[in-house]
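Given next are the chains, with one letter for each unit.
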There are 2 protein chains.
Amino acid sequence: MSALALGHMNPDTDSIVAALAAAELYGKRGFSVTPAAQGPPAPETEFVLKKFGLTAPQVVKDVAGKEIWLVDYSDLQQAPTGMDSATVLGIVDHHKLGDVTTSSPLEAWIWPVGCTNTVLRSMYAFYGVEISKNMAGAMLCAILSDTVIFKSPTCTDVDKKAVESLAKIAGISDVKALGMEMFKVKSAVEGASMHDLVHRDYKDFDMNGKKVGIGQLEVVDLSILAAVKAGLQAEIEKVKSEGRHSVFLLLTDIMKEGSEMLIVSDDPFVVEKAFGVKPAGKTVWLPGIMSRKKQVVPNFEKAFK
Amino acid sequence: MSALALGHMNPDTDSIVAALAAAELYGKRGFSVTPAAQGPPAPETEFVLKKFGLTAPQVVKDVAGKEIWLVDYSDLQQAPTGMDSATVLGIVDHHKLGDVTTSSPLEAWIWPVGCTNTVLRSMYAFYGVEISKNMAGAMLCAILSDTVIFKSPTCTDVDKKAVESLAKIAGISDVKALGMEMFKVKSAVEGASMHDLVHRDYKDFDMNGKKVGIGQLEVVDLSILAAVKAGLQAEIEKVKSEGRHSVFLLLTDIMKEGSEMLIVSDDPFVVEKAFGVKPAGKTVWLPGIMSRKKQVVPNFEKAFK
C-alpha cells in the first residue's frame, strides 16, 4: 500500500508542493509515497505547477484505513475524514502542534520556520537526497508564498537560506521578480466567486470552545479588492451563519505590509481586545499584520481566553 | 530566562541523558537551556552518570510560566504540573505522538527509532555541533538501555549506527560489555522498596477512557526477581486501588528475550485479548515481548477498544 502525503483543507501552494516534495523525497529513499491534496490547486498554485512542469496531486478527501504523511498541519480540524482509522506515519510542518495523536511512533519534522518546504529542503539535505530541478523551483515558490517574499514576520534565516540553495538548483537568478509574478497571479480576483475567494486560504480554529474562521487574501495592492469587498463581507456572514462564533477575512497588502480585516462576530469587541485597534464598523486596518499564524491566531487566542 | 529540557515522570536513563544532551546541544548553539528531570536518577542512570562524570539534572516538578523542551514524551499525563502556562519550545522524542499541543510554532524532532538519544545524535550532526566525549558515552548507554542492547523490536539501524559513531567519540571499544555491566546494575533489587521497583520505569496510559498503568523491570535473569515477586504483586494491587482500571508489571528477561507480566485488572480477560495467551492466575509469560512501547501498549490499546 502506498502511503499518501496529504496537505490540509483548502490547500495552498505550500501544502500542495510539500505533498509533491515529500513524495519525491520518500520515493527516492525507497518508500512508496503518493502526493495528495484535499482540493484542487488555487490559481497561485496552478501558476507554480505550470511554471515548473509539475502535475497537481490527486484529490483525496477520505483517508480511512490509509497510511498518511501530514504535510503543513497537525490538527484534526484541517484533516480529511477517516482519520480515526488512518495511520499517521509522519508529520512535516511549521505550525503550532495540533491535536493529532498517533498510536505508534512516527516521524515528525516540525520547525518554527516560515514554510513547510523549508523543512523539506533540510530533510532532503539530511537524507542526502538530490532535489530535482523542477521540484526545487516549486519549493522555492512555496517559501516565497508563505513568507510573502521574506516580508512576513514568520520568515527566518533558515527560509532565506533554503530559497538561496533552491534557486541554485532550479537555476533561478531573480527570486524576487518570480515572487512578484506569483503574487500578481494570487492577487487576481476576476472570475472567482465570493465563496472561492473567502475559502482560497481559509482555516477554522477552536478558540476556547468557539469555532472561529479566519481567511486571508494576499494582494500586491489592496485596491484590487475594492470592487469585491462588499461581496466578501456578505460571504463571510454566510460562512458565520453555518455555526461559527466569528469569521474574519484578512485582506493583506504585501507592498504596504499590513492587512484590512473584514469582521463578523458574535462579540466584535474581541478584535479590539486582540489588536488594540477599534474597528470602523465591520472593518479595521491593522498595520504590520501580515501573518495569520504568527500574529492573528495568537492574538485572537489570547483575546478569546 | 533559561529554558528547561525536561524528561517524563519516573525518569529513565534515556530521559535524563536526553535532557543533558539537549541542553549541551542547544547551549553550544547559543541558546540557554538547563537540563531538568521530574525525579532523581534510578540506579542504572546513576551508574551511567558516574561512569561518564556527569551531574544529575536538577529536579523540577512544576513548569508554570517556564519555557520548556520536552524530551522523550509528548503526552500530558507524563508532563509536570504547570503545563497550562508553560511554553513548549520543542519536543525530542521517539514515542507515538501524545496530546501535548502548543499555541506557537515549535521545533519537534520525533522519530520512529529506539531511543531519544538516537534522535539527538542526529540533531548534533545536523547542526554540526561536536558531542563532548562524556556526553557521547552517556548517550550511547541510553541507546543500549532503551534498545536492550539492540535486542528490543524497537531497535533500528539508525540506533545501531548512532551507537557506532558515539562509541568512537567516547572511545568505547566493547559496547556490549558496557551494556551488560549497565543491565546488571539495573537488575539489582537489593535495598529497593517495592514502591521504587514498580515505579522505576512506570507509565500511566489513557486506554479508551480507562487509566492503565504499565511498569517494566528489565533484568539479566528473571531468577533475580523470584524473591520479590509476591511483594511486587501486592504493590501493583495498591497502585491499582488508587483509581486505575488495570496495572501491569513487565518483568523482562533480556537474555531469554521475553517478559513475565504481573496482572491486576478489573477485566483480566483483556490480557488474553491483547496477547492471545491465557494467564495462569495473576501472571503470564509472554515470549518475545520486550518492548512496552512497540508491543505491549499497542496490543493493549487494541484490546481496550
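A quick note: this is a predicted structure, and the numbers were derived from the prediction, not measured.

Caption draft 1: Seen up close, the packing of aromatic side chains. Counted by the stated rule, this structure contains 26 aromatic pairs over all chains. Geometrically, the ring pair formed by A:Trp109 and B:Trp111 is tilted, given 5.5 Å between the ring centres and 40° between the ring planes. Of this pair, A:Trp109 sits in strand 6 (residues 107-110) while B:Trp111 is found in the loop between strand 6 (107-110) and helix 3 (116-127), placing the two residues in two different chains. Relative accessible area serves as the criterion here: at 1%, A:Trp109 is assigned to the buried category. A cation over a ring is seen here: B:Arg29 above B:Tyr127, with NZ or CZ 3.4 Å from the ring centre.

Caption draft 2: Fine view of the side chain of B:Thr118. All names here are of chain B. Structurally, the position occupied by threonine 118 is in helix 3. Reaching out from threonine 118, the side chain makes a polar contact with the side chain of aspartate 159 at a distance of 2.6 Å. Those residues in contact with threonine 118 that sit more than four places away from it in its chain are Val113, Ile143, Val158, Asp159 and Ala162.

Caption draft 3: View of the domain arrangement of chain A. Residues and elements named next belong to chain A. For chain A, the assigned domains read domain 1 (3-184) and domain 2 (194-304). One C-alpha centre belongs to domain 1, the other to domain 2; they are set 25 Å apart. Each partner contributes to the interface: domain 1 provides 20 residues, whereas domain 2 provides 20 residues. Around 1800 Å² of area is buried between domain 1 and domain 2 when both sides are counted, 57% of it from carbon and sulfur atoms. Considering only the side of domain 1, the residues that lose the most area to domain 2 are Asn10, Gln77 and Lys151, jointly responsible for 29% of the buried surface there. Here domain 1 is connected to domain 2 by two salt bridges. For the salt bridge of lysine 151 with glutamate 257, the shortest nitrogen-to-oxygen distance reads 3.9 Å. One can count five residue pairs in polar contact (both at pLDDT 80 or more) joining domain 1 with domain 2. Examining the composition of the side of domain 1 that touches domain 2, we find that three residues originate from one element, helix 6 (residues 175-187), more than from any other.

Caption draft 4: Expanded view of the pattern of salt bridges. As enumerated under the stated definition, the model contains 30 salt bridges over all chains in all. Where A:Lys186 meets A:Glu44, a salt bridge forms, and the shortest distance between an N and an O atom there is 3.5 Å. With A:Lys186 in helix 6 and A:Glu44 in helix 2 (residues 43-51), this pair connects stretches of sequence that are 142 residues apart. In this structure, B:Glu218 and B:Lys186 form a salt bridge, with 2.6 Å as the shortest nitrogen-oxygen distance. Separated by 32 residues along the polypeptide, B:Glu218 in strand 8 (residues 210-219) and B:Lys186 in helix 6 (residues 175-187) bring together distant segments of the chain. Accessibility assignment for this pair places B:Glu218 and B:Lys186 in one class, buried. When salt bridges that share partners are traced, they join A:Glu44, A:Lys186 and A:Glu218 into one network.

Caption draft 5: Layout of the UniProt feature "domain: DHHA2" (unreviewed entry) in chain A. Per the UniProt annotation, the sites labelled "domain: DHHA2" (unreviewed entry) are residues 179-304 of chain A. The span residues 179-304 of chain A is 37% helix and 29% strand, and its two end C-alpha atoms sit 35 Å from each other.

Caption draft 6: Structural detail: the environment of B:Thr87. Residue and element names in this part refer to chain B. Within the secondary structure, threonine 87 is located in strand 5 (residues 87-93). Residue classification places threonine 87 among the partly exposed residues on the basis of a relative accessible area of 37%. Put simply, threonine 87 and histidine 8 are 79 residues apart on the chain and 16 Å apart in space, counted from C-alpha to C-alpha. Setting aside residues up to four positions removed in sequence, threonine 87 forms contacts with Lys66, Glu67 and Ile68.

Caption draft 7: Main features of the relation of the copies chain B and chain A. The transform that puts chain B on chain A rotates by 180° and translates by 0.0 Å along the axis, for an RMSD of 0.0 Å. Interpreted geometrically, this transformation is the action of a two-fold axis. In terms of C-alpha distance to the rotation axis, chain B has B:Trp109 as its closest residue, with the C-alpha 2.7 Å off the axis. The residues that chain B uses at the interface reappear at the interface of chain A in 96% of cases, marking a shared surface.

Caption draft 8: Highlighting the sheet that holds strand 8 of chain B. All names here are of chain B. With respect to topology, five strands assemble into an open sheet ordered 7-8-9-10-11, the strand pairing being mixed. Of all strands in the sheet, those bounded by a partner on one side alone are strand 7 (202-207) and strand 11 (283-287). Across the sheet, the mean angle separating the axes of adjacent strands is 25° when strand polarity is ignored.

Caption draft 9: Here's a closer look at the interface of chain B and chain A. Listed per partner, the contact involves 25 residues of chain B and 24 residues of chain A. Regarding the contact of chain B and chain A, the summed buried area is about 2100 Å², with carbon and sulfur atoms giving 67% of it. Its largest share of buried area at the contact with chain A, chain B owes to B:Leu97, B:Pro105 and B:Phe126, together 28% of the area lost on that side. Scanning the region where chain B abuts chain A turns up zero salt bridges. The interface formed by chain B and chain A includes four residue pairs in polar contact (both at pLDDT 80 or more). Among the secondary structure elements, those contributing two or more residues to the side of chain B that touches chain A are strand 6, helix 3 and helix 10 (292-304) of chain B. Tallied by class, residues from the side of chain B that touches chain A come to twelve nonpolar, eight polar and five charged. Pairing geometry for strand 6 of chain A and strand 6 of chain B, over three bridges, is antiparallel. If you follow A:Ile110 over to strand 6 of chain B, its bridge partner there is B:Ala108.

About the cut-offs
Residues numbered from 1 in each chain as written. Chains lettered and ligands numbered in written order. Predicted model: local features only at pLDDT ≥ 70, side-chain atom pairs only at ≥ 80, totals over all residues. Heavy atoms only, no water. Phe/Tyr/Trp six-rings, centres within 6.5 Å; stacked < 30°, edge-to-face > 60°. Helix = DSSP H or I, 4+ residues; strand = E, 2+ residues; numbered from the N terminus. Buried < 20%, exposed > 50% of the residue type's maximum accessible area, 1.4 Å probe, protein only. Lys NZ or Arg CZ within 6 Å of the ring centre and 35° of its normal. Polar contact = N/O pair within 3.5 Å; in protein donor to acceptor, adjacent residues only side chain to side chain. Contact = heavy atoms within 4.5 Å. Domains from an automatic or database assignment. Buried area = accessible area lost by both parts, 1.4 Å probe. Salt bridge = Lys/Arg side-chain N within 4 Å of Asp/Glu carboxyl O. UniProt positions renumbered as here; feature names shortened; annotations may be inferred. Least-squares fit on C-alpha atoms with pLDDT ≥ 70 in both. Pairing = 2+ DSSP bridges. Axes fitted to C-alpha atoms, helices over the stretch in contact; angles between N-to-C directions. Nonpolar A, V, L, I, M, F, W, Y, C, P; charged D, E, K, R; others polar.

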